Amino acid sequence: GALVYQYPRRTICKSGTSMRMECQAVGFQATSVAWYRQSPQKTFELIALSTVNSAIKYEQNFTQEKFPISHPNLSFSSMTVLNAYLEDRGLYLCGASHRVGNTLYFGEGSRLIVV
Amino acid sequence: GDSVTQTEGLVTLTEGLPVKLNCTYQTAYSDVAFFWYVQHLNEAPKLLLRSSTDNKRTEHQGFHATLHKSSSSFHLQKSSVQLSDSALYFCALSPGGNNKLTFGQGTVLSVIP
């Protein structure tokens, strides 16, 4: 079956430092990867949508300078939160799908705690 | 833009009773897929149901939902809830053949003995 692994599961970082998270798709080709942030209030924000061989599209309020994403092949993607501050806290979810328009399968999430 | 509305923030039910979690939406697209995701405590959201066909019932793990474009709804139902159904449920839509999911605010289902 389709599985998505994310790591690390949890990171505590000091304010102003950075955190890198990785997303691995197993059992299918992750042509499309969407990175979301789930706030402490449980609402979802789409950060960016990445499709292999296409430009990464960032949503309003999210930039490549703050959240650089790499999607080098059909099984792996990574995202970094640069200069993390309190407002960056949350659960970062990687959702991957084989084709654009198909179901997104989510990883377990990488929780960012900023102190 | 697109929006998904889940009117109940918390639903508390006794085990064995039926449940209906409301989901309505707004979208300008005609080609749209709809989803229900379930998120248990400290876990990631997992796909529960998916549908893009009007008036067709979709079922999985005892839950079912029917997309009704006439009323812009995709309510989730189960005839008899179990303790293990306690979780956060999200309704979402993905329009126009892309992977941009728009989520509702979520409904916490709490099942008590």
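Fair warning: this is a prediction, and the values are worked out from it, not measured in the lab. (Residues numbered from 1 in each chain as written. Chains lettered and ligands numbered in written order. Predicted model: local features only at pLDDT ≥ 70, side-chain atom pairs only at ≥ 80, totals over all residues. Heavy atoms only, no water.)

### Re the overall build of chain A
Consideration 1: Broken down by element type, chain A carries zero helices and 11 strands.
Consideration 2: Taken over the C-alpha trace, chain A has a radius of gyration of 13 Å; the compact-globule value for 115 residues is 13 Å, and the two agree within 12%.
Consideration 3: Over its C-alpha atoms, taken along the principal directions, chain A stretches across nearly 35 × 25 × 25 Å.
Consideration 4: Burial status across chain A gives 49% buried among its 115 residues.
Consideration 5: In chain A, the share of contacts with a sequence separation of at least 24, taken over all contacts with a separation of at least 6, comes to 54%.
Consideration 6: Side chains of chain A carry 11 positive and 7 negative charges; the gap between the two charge centres is 6 Å. (Helix = DSSP H or I, 4+ residues; strand = E, 2+ residues; numbered from the N terminus. Rg over C-alpha atoms; globule rule 2.2 N^0.38 Å. Buried < 20%, exposed > 50% of the residue type's maximum accessible area, 1.4 Å probe, protein only. Contact = heavy atoms within 4.5 Å. Lys, Arg positive; Asp, Glu negative; His and termini not counted. Charge placed at Lys NZ, Arg CZ, Asp CG, Glu CD.)

### Comments concerning the confidence of the model for chain A
Consideration 1: In the predicted model, chain A carries a mean pLDDT of 91, and 97% of its residues have values of at least 70.
Consideration 2: Per-element confidence in chain A ranges from a low mean pLDDT of 89 for strand β10 (residues 105–106) of chain A to a high of 97 for strand β8 (residues 76–81) of chain A. (pLDDT = per-residue confidence, 0-100.)

### Thoughts on the nonpolar core
Burial of nonpolar side chains together is a common tendency in soluble globular proteins.
Consideration 1: Core analysis: the largest hydrophobic core is formed by 25 residues, its most contacted members being B:W36, B:L48, B:F74, B:L76, B:Y89 and B:L109.
Consideration 2: Setting aside anything within four residues of it in sequence, one finds B:Y89 in contact with B:Q6, B:L21, B:W36, B:Y37, B:V38, B:L48, B:F63, B:L76, B:G106, B:T107 and B:L109.
Consideration 3: The next biggest cluster of nonpolar side chains, apart from the first, holds 23 residues, and it includes A:C13, A:W35, A:A96 and A:L112. (Core = buried A, V, L, I, M, F, W, Y, C linked by side-chain atoms within 4.5 Å.)

### Re the state of the cysteines
Consideration 1: Counting across every chain of the model gives two disulfides over all chains.
Consideration 2: Between B:C23 and B:C91 runs a disulfide, and the two sulfur atoms are separated by 1.9 Å. Taking the torsion about the sulfur-sulfur bond, which here is approximately -65°, the covalent link between B:C23 and B:C91 counts as left-handed. Taken together, the residues span a long stretch of sequence, with B:C23 in the loop between β3 (19–21) and β4 (24–26) and B:C91 in strand β10 (residues 87–95) at a distance of 68 residues.
Consideration 3: On the basis of relative accessibility, which here comes to 1%, the residue B:C91 falls in the buried class.
Consideration 4: Not part of a disulfide, A:C13 finds its nearest cysteine sulfur in A:C94, a span of 19 Å.
Consideration 5: On the basis of relative accessible area, A:C13 is assigned to the buried category, the value being 5%. (Disulfide = S-S within 2.5 Å.)

### Re the pattern of salt bridges
Consideration 1: Considering all chains together, one arrives at 10 salt bridges over all chains under this definition.
Consideration 2: One salt-bridge network, in which partners are shared between bridges, spans A:R9, A:E108, B:E43 and B:K46. (Salt bridge = Lys/Arg side-chain N within 4 Å of Asp/Glu carboxyl O.)

### Some remarks on the interface of chain B and chain A
Consideration 1: Taken residue by residue, the interface counts 19 residues in chain B and 24 residues in chain A.
Consideration 2: The three residues of chain B that bury the most area against chain A are B:N99, B:K100 and B:F103, which together make up 33% of that side's buried surface.
Consideration 3: B:K100 is paired through a salt bridge with A:E59; the nearest N and O atoms lie 3.1 Å apart.
Consideration 4: Sorting the residues of the side of chain B that touches chain A by element identifies β5 (32–39), β6 (46–51) and β10 of chain B as the ones contributing at least two each. (Buried area = accessible area lost by both parts, 1.4 Å probe.)

### A look at the environment of A:T80
All names here are of chain A.
Consideration 1: Checked against the element boundaries, T80 lands in strand β8.
Consideration 2: Taking the C-alpha atoms as reference points, T80 and Q24, 56 residues apart in sequence, are found 15 Å from one another.
Consideration 3: Beyond its immediate chain neighbours, meaning those up to four positions away, T80 contacts S18, M19, R20, K66, F67 and P68.

### Considering the sheet that holds strand β1 (residues 3–7) of chain A
The strands making up a sheet associate through backbone hydrogen bonding, with each pair oriented either parallel or antiparallel.
All names here are of chain A.
Consideration 1: Strand order in the open sheet formed by four strands is β1-β3-β8-β7, with antiparallel pairing between adjacent strands. Across the chains shown, the open sheet's two edge strands, defined by having one partner strand only, are β1 and β7 (69–73). In this sheet, adjacent strand axes meet at a mean angle of 15° when their direction is disregarded.
Consideration 2: Pairing between strand β3 (residues 19–26) and β8: six bridges, direction antiparallel. Looking at the pairing, M19 lines up with V81 of β8. (Pairing = 2+ DSSP bridges. Axes fitted to C-alpha atoms, helices over the stretch in contact; angles between N-to-C directions.)

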